[in-house]
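What follows is the residue order along each chain.
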Amino acid sequence: MRLFIILLCPTFEQVINIKNKELVVAVGNRIREFRKERNFSQEDLANEAEIPLSQIGRIERGETNPTISSLHVISIALGIELKQLVDIKI
């Protein structure tokens, strides 16, 4: 006899509730823009910032709200000031 299990997968929005989602997505997009301007891969940025590669991906996609310390090391890795990452108009 076979047992089949059906998993209901909630959408991303149901799994995590991020305050100011629009801002989190905008910051992720900003990081991606600076990274690409420098011809860095996500892996390059992860290595330079000493942040897991998967975390860089989640930040760029706006799936996680990065801490100020994560943003700080990312800005250093990108060779920019922290304020440049968050200088966003929404």
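All figures in this text were calculated on a predicted structure; none of them were measured in a lab.

Caption draft 1: Summary view of the confidence of the model for the protein chain. Residues at a pLDDT of 70 or more form 81% of the protein chain, whose mean pLDDT is 86. Considering only residues more than four positions removed or in separate chains, one finds that residues 3–15, a stretch of pLDDT under 50, has six contacts.

Caption draft 2: Fine view of the pattern of salt bridges. This structure, assessed with the given rule, holds six salt bridges. With its nearest N and O atoms 3.6 Å apart, the salt bridge here joins E81 to K83. Where D87 meets K89, a salt bridge forms, and the shortest distance between an N and an O atom there is 4.0 Å. For K89, a relative accessible area of 75% puts it in the exposed group.

Caption draft 3: Structural view of the nonpolar core. In terms of nonpolar packing, the biggest core is built from 17 residues, with I31, L45, I56, I74, L78 and L85 touching the most fellow members. Among the secondary structure elements, those contributing two or more residues to this core are α2 (21–37), α3 (42–49), α4 (53–60) and α5 (68–78). Sequence-distant contacts of I31, defined by excluding residues within four places in its chain, comprise L45, I59, E60, L71, I74, L78 and L85.

Caption draft 4: A look at α5. For α5, the complete set of buried residues consists of S70, L71, I74, S75, A77 and L78. For α5, the buried positions fall inside an angular range of 160 degrees around the axis, keeping them on one side. In α5, the exposed positions that point more than 90 degrees away from the buried face belong to I68 and I76. Elements in contact with the buried residues of α5: α2, α3, α4 and α6 (82–86).

Caption draft 5: Geometry of a negative patch on the surface. A surface patch of like charges, here negative, comprises E43, D44, E48 and E50. Along the chain, E43 turns up in helix α3. Classification of E43 by relative accessible area gives partly exposed; the value is 49%.

Caption draft 6: Inspection of the environment of I76 at higher detail. Position of I76 relative to the elements: it lies in helix α5. Looking at I76, the relative accessible area reads 54%, which means it is exposed.

Caption draft 7: Up close: the environment of V27. Relative to the elements of secondary structure, V27 occurs in helix α2. Residue V27 is classed as buried on the basis of its relative accessible area, which comes to 7%. Through-space distance from the C-alpha of V27 to that of D87 is 8.7 Å; in sequence the pair is 60 residues apart. Leave out the neighbours within four places in its chain, and V27 touches L71, L85 and I88.

What counts as what
Sequence order as written defines residue numbering, which begins from 1 separately in each chain. Where totals are concerned, whole chains, interfaces and linings use all residues; where local detail is concerned, this predicted model gives features only for residues with pLDDT of at least 70, and gives and counts side-chain atom pairs only at 80 or more. Each side-chain value is derived from all of the structure's non-hydrogen atoms; neither hydrogens nor water enter the calculation. pLDDT expresses how confident the predictor is about each individual residue, on a scale running from 0 to 100. Throughout, a contact is declared for two residues whenever any of their heavy atoms are within 4.5 Å. Within this document, salt bridges are pairs made up of a side-chain nitrogen of Lys or Arg and a carboxyl oxygen of Asp or Glu, the two lying within 4 Å of each other. Exposure is judged per residue with a 1.4 Å probe applied to protein chains only, and the accessible area is read against the type maximum: over 50% gives exposed, under 20% gives buried, and values in between give partly exposed. Put simply, a nonpolar core is a bunch of buried Ala, Val, Leu, Ile, Met, Phe, Trp, Tyr and Cys residues held in one set by side-chain atoms that sit within 4.5 Å of each other. Secondary structure elements are taken from DSSP: a helix is a run of H or I of four residues or more, a strand is a run of E of two residues or more, and numbering for both begins at the N terminus. Note: the arc covers the axis-to-C-beta directions of the helix. A patch consists of residues whose relative accessible area exceeds 30% and which take part in no salt bridge; residues with like charges are grouped when within 9 Å of each other, and nonpolar side chains (Val, Leu, Ile, Met, Phe, Trp, Tyr) when within 5 Å. In these tables, accessible area is a Shrake-Rupley quantity obtained with a 1.4 Å probe, and a residue counts as shielded only by the protein chains included in the view. Residues scored as positive are Lys and Arg, those scored as negative are Asp and Glu, and His as well as the terminal groups of each chain are ignored. Each charge is placed at NZ for Lys, CZ for Arg, CG for Asp and CD for Glu.

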